[in-house]
Amino acid sequence: MYTQALNAKDAVVPVAGPEEAARAERFQARIDAEERIEPNDWMPEAYRRTLTRQISQHAHSEIVGMLPEGNWITRAPSLKRKAALLAKVQDEAGHGLYLYAAAETLGSSREELVDQLLAGRAKYSSIFNYPTLTWADIGAIGWLVDGAAIMNQIPLCRCSYGPYARAMIRVCKEESFHQRQGYEIMLTLCRGTPEQKAMAQDALDRWWWPCLMMFGPPDSESQHSDQSTRWKIKRFSNDELRQKFVDATVPQGRHLGLTFPDPDLAYDEAAGHWRFGAIDWEEFRQVLAGNGPCNRQRMTQRRDAHAAGAWVREAAMAHAEKRARRARAVPEAA
Amino acid sequence: MPTTSISPAATPLLTCVLRRADDALILGHRLSEWCGHAPMLEEDIALANIALDCVGQARSLYDYAAVVDGGGLTEDDFAYRREAGAFRNCLLVEQPNGDFAATIVRQVLFSAFIDPYFRALAASADATLAAVAAKAEKETAYHLRHSAEWLIRLGDGTQESRARAQAALDELWPYTGELFEVDDAEAAVIAAGIAPDPRGLAAAYDATLEAVLGQATLTRPAGAWMQTGGRLGRHSEHLGFILADLQYLQRAHPGATW
Amino acid sequence: MAEQKIPLWEVFIRSRNGLAHKHVGSLHAADATMALQAARDVYTRRGEGLSLWVVPSAAIVASDPSDKEVMFEPTASKIYRHPTFYEVPDDVGHM
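Parameters at a glance
- Residues numbered from 1 in each chain as written.
- Chains lettered and ligands numbered in written order.
- Predicted model: local features only at pLDDT ≥ 70, side-chain atom pairs only at ≥ 80, totals over all residues.
- Heavy atoms only, no water.
- Helix = DSSP H or I, 4+ residues; strand = E, 2+ residues; numbered from the N terminus.
- Buried < 20%, exposed > 50% of the residue type's maximum accessible area, 1.4 Å probe, protein only.
- Contact = heavy atoms within 4.5 Å.
- Areas by Shrake-Rupley, 256 points an atom, 1.4 Å probe, with all protein chains shown as cover.
- Buried area = accessible area lost by both parts, 1.4 Å probe.
- Salt bridge = Lys/Arg side-chain N within 4 Å of Asp/Glu carboxyl O.
- Polar contact = N/O pair within 3.5 Å; in protein donor to acceptor, adjacent residues only side chain to side chain.
- Pairing = 2+ DSSP bridges.
- Axes fitted to C-alpha atoms, helices over the stretch in contact; angles between N-to-C directions.
- Parallel < 35°, antiparallel > 145°, perpendicular 65-115°, else oblique.
- Nonpolar A, V, L, I, M, F, W, Y, C, P; charged D, E, K, R; others polar.
- Expected span 1.5 Å × (residues − 1).
- Bend = angle between axes of the 7 residues up to and from the residue.
- Left-handed = near helix turned anticlockwise from the far one by under 90°.
- Patch = residues over 30% accessible without salt bridge, like charges linked within 9 Å, V, L, I, M, F, W, Y side chains within 5 Å.
- Lys, Arg positive; Asp, Glu negative; His and termini not counted.
- Charge placed at Lys NZ, Arg CZ, Asp CG, Glu CD.

1. Concerning the overall build of chain C
Now for step 1: Assigned secondary structure in chain C consists of 2 helices and 3 strands.
Now for step 2: Taken from the N to the C terminus, the helices and strands of chain C come in the order β-β-α-β-α.
Now for step 3: With the C-alpha coordinates aligned to their principal axes, the bounding extent of chain C is approximately 70 × 35 × 15 Å.
Now for step 4: Counting the 95 residues in chain C, one finds 27% classified as buried.
Now for step 5: Long-range contacts, defined here as pairs at least 24 residues apart, represent 42% of the contacts in chain C between residues at least 6 apart.
Now for step 6: Looking at chain C as shown, the accessible area adds up to about 6400 Å², and 58% of this sits on carbon and sulfur atoms.

2. Points about the interface of chain B and chain A
Now for step 1: Contact residues are listed per partner, giving 48 residues for chain B and 47 residues for chain A.
Now for step 2: Buried surface at the junction of chain B and chain A, both sides included, amounts to about 4000 Å², of which 67% is carbon and sulfur.
Now for step 3: If you look at where chain B meets chain A, you find 4 salt bridges.
Now for step 4: Note that Arg326(A) and Asp156(B) form a salt bridge whose closest N and O atoms lie 2.7 Å from each other.
Now for step 5: Counting across the interface, chain B meets chain A through 20 residue pairs in polar contact (both at pLDDT 80 or more).
Now for step 6: Secondary structure elements with two or more residues in the side of chain B that touches chain A: helix H1 (12-32), helix H2 (41-69), helix H3 (75-80), helix H5 (100-121), helix H6 (127-155), helix H7 (159-172) and helix H10 (238-252) of chain B.

3. Focus: the sheet that holds strand S3 (residues 51-56) of chain C
All names here are of chain C.
Now for step 1: If you trace the 3 strands from one edge of the open sheet to the other, you get S2-S1-S3, paired in antiparallel fashion. Only two strands of the sheet have a single partner each, and these edge strands are strand S2 (22-28) and S3. In this sheet, adjacent strand axes meet at a mean angle of 30 degrees when their direction is disregarded.

4. Some points on the packing of helix H6 (residues 162-190) of chain A against helix H9 (residues 238-256) of chain A
All names here are of chain A.
Now for step 1: Where H6 meets H9, the closest approach of the two axes is 9 Å, and the angle between their N-to-C directions is 30 degrees. It follows that H6 is roughly parallel to H9 by the angle criterion. Facing Gln179, Tyr183, Met186, Leu187 and Cys190 of H6, the residues of H9 in contact are Gln252, His255 and Leu256.
Now for step 2: By residue class, the composition of the contact of H6 with H9 is 5 nonpolar, 3 polar and no charged.

5. Quick word on H10(B)
Residues separated by three or four positions in an α-helix point in the same direction, a consequence of the helix having 3.6 residues per turn.
Now for step 1: Here H10(B) is 15 residues long and its end C-alpha atoms lie 21 Å apart, about the 21 Å a rise of 1.5 Å per residue gives.
Now for step 2: Maximal helix bending in H10(B) amounts to about 50 degrees, located at Leu246(B).
Now for step 3: Along H10(B), the positions that sit buried rather than exposed are Leu239(B), Ile242(B), Leu243(B), Leu246(B), Gln247(B), Leu249(B) and Gln250(B).
Now for step 4: On its buried face, H10(B) is in contact with helix H3 (79-104) and helix H5 (135-156) of chain A together with H1, H3 and helix H4 (91-94) of chain B.

6. As for the interface of chain A and chain C
Now for step 1: Across the boundary between the two partners, chain A contributes 32 residues, which contact 29 residues of chain C.
Now for step 2: In total, chain A and chain C occlude about 2600 Å² of area from one another, counting both sides; carbon and sulfur atoms represent 53% of this.
Now for step 3: Between chain A and chain C we count 5 salt bridges in total.
Now for step 4: Among the ionic pairs, Asp91(A) bridges to Arg46(C), the shortest N-O distance being 2.6 Å.
Now for step 5: Linking chain A with chain C are 10 residue pairs in polar contact (both at pLDDT 80 or more).
Now for step 6: Of all the secondary structure elements, the ones that give two or more residues to the side of chain A that touches chain C are H3, helix H4 (110-118), H6 and helix H11 (295-333) of chain A.
Now for step 7: When its residues are assigned to classes, the side of chain A that touches chain C shows 11 nonpolar, 9 polar and 12 charged.

7. A closer look at the environment of Thr188(A)
Now for step 1: Residue placement: Thr188(A) occurs in helix H6.
Now for step 2: Here Thr188(A) falls in the buried class, since its relative accessible area comes to 19%.
Now for step 3: Not counting residues up to four positions away in its chain, the partners in contact with Thr188(A) are Arg81(A), Thr257(B) and Trp258(B).

8. Describing the packing of H6(B) against helix H1 (residues 32-43) of chain C
Now for step 1: Close contact between H6(B) and H1(C) brings their axes to 11 Å; oriented N to C, the two are set at 145 degrees. Classified by chirality, the crossing of H1(C) by H6(B) is left-handed. Across from Tyr142(B), Arg145(B), His146(B), Glu149(B), Trp150(B) and Arg153(B) in H6(B), the residues of H1(C) making contact are Thr33(C), Met34(C), Gln37(C), Arg40(C) and Asp41(C).
Now for step 2: Classifying every residue of the contact of H6(B) with H1(C) gives 3 nonpolar, 3 polar and 5 charged.

9. What to know about a negative patch on the surface
All names here are of chain C.
Now for step 1: Together, Asp64, Asp67, Glu69 and Glu73 make up a negatively charged patch on the protein surface.
Now for step 2: Within the fold, glutamate 69 resides in helix H2 (residues 68-72).
Now for step 3: Using a relative accessible area of 47% as the deciding quantity, one classes glutamate 69 as partly exposed.

10. Regarding the pattern of salt bridges
Residue and element names in this part refer to chain A.
Now for step 1: According to the stated counting rule, one finds 44 salt bridges over all chains in the structure shown.
Now for step 2: The salt bridge involving glutamate 45 is made with arginine 48; its shortest N-O contact spans 3.3 Å. Taken together, the residues span about one helical turn, with glutamate 45 and arginine 48 both in helix H2 (residues 45-70) at a distance of 3 residues.
Now for step 3: With a relative accessible area of 8%, arginine 48 lands in the buried category.

Here is the structure:
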């Protein structure tokens, strides 16, 4: 996303001591003044590391997220739905691409970041480790998962790191149709046959709690939040975003005539919020640790695609070199 | 009953429209299978673009098929409620994706035909077909350019990529003959000035392939034996599996709206 | 596992005739043709442009942010370059 060849690791050597502290102070002052940080600017190593981790995880999530939805492209029940779903999953590839590029401006190459994912050293959103079992899951993912993602991503458009903020602006603009297409699928199912409505209810039952987990651990347990907030990478806490999502989503679900799988869900008139039941954080930890229903399957698919494409990437590079060699040879021969 | 498969009366015009539409749908379906599994992210997006163009072409053509048929059918009826034997696509487009080389070779072999075909069809006496073709031709010209560039990269890349590309070419070559077949239905629309005669496009096809294969350092297969049957509904085993995926929900929930 | 890295390119789009090309993002491609096609496929899916440039990222020479003061501050005092520096009576009309 920015004007530098960043396949190579950058050579910035952190300087210890008072000079470093003064730089960090000036850096924080720029952030406090709502200035954007750009790739060539000095930044604390921890800022660089935090952002590289967050942006690459975000990119990995987009790429792994293509798999559960991609499952249904060939089985989409109408040509209109097929085109919309294919365009949506394609957008996710694009978002992964923008995000990898943003992460690359911090000095790690896409190849390195992808290797981290494939080696199991990088995380991605827990939500994509759940299976898409019926067509209604495609509706539920659009409505709920993309809905939750938008809650997370809109504040990131104002993130202190310029390339990330710009990537998020593009992503949010493109994603505006994703949630609507999901909700429209749910609406059509809920107005359809009893079997279709049951399919929609079942999808909500399975996706609701994992979606609430997408916002991450409760504020009381979140490791990265404080520093990320000071650096204006994060503008709202996990719990704030989660509450916002629930408040926005519950009326939409009621409009569909669906029941949320939470007996404790109730409107708190005084606070103006929907109060929800306890989240099973043990499930969240297990899914993050690799024990979700589809973790292994998703990683196997990614590794297989990467390995199966190796000869293609190699051929493209070999051909480019041949072409370049010939182009250099021509003027000499002439 | 909506479960029942449809089998529209095969007038020459409807047959001609469905052949083009089915080619586009089945090729689009095959390309869409790549989504999430391509060799690099940029190519994932490129293949999805081609697939979306194909699905779009199929939809326009099925819309017109419904008009020609006149029986109140929709685009989805044609895609989701015909048995394999009623599909009129050529065998080439239903061949499996294989490795990336097979997908690229299939695309080159098909695009090198359909692009000049649509260009000629844009001058059709049938105004709807002419309009659909004029729009589609811009898309297929890009498909040809994109896939030909890749074939050159693979052919003139590494030893492995060259071997894979040549193997794919040898494998898929026998499916190219069908593209140029003219039966009675085809002859009738050609005579009416509705569709171009594919035999008239053969020389341009050969020239395109010669140029691309030459740069790709690949050898055009010598075998003259060509497979046939798709245009009449006699398909390879692959189409049944494609339709099992494609039509499953519509078949499982007859009459439902999605 | 030391896979060769595929070069990075910067993409610029002219969104309408009469406007300049604007930087929109990056991508990876082995050669210029691939880069141009990928730019089309990745960055113009929603009718964003009429013309594309792709430039190898390595070919871009950027100013050093730590030079910011030296490079850009001396211009701040040259207020006589701006029209508002000069006084023209109101009754002269728009100038």
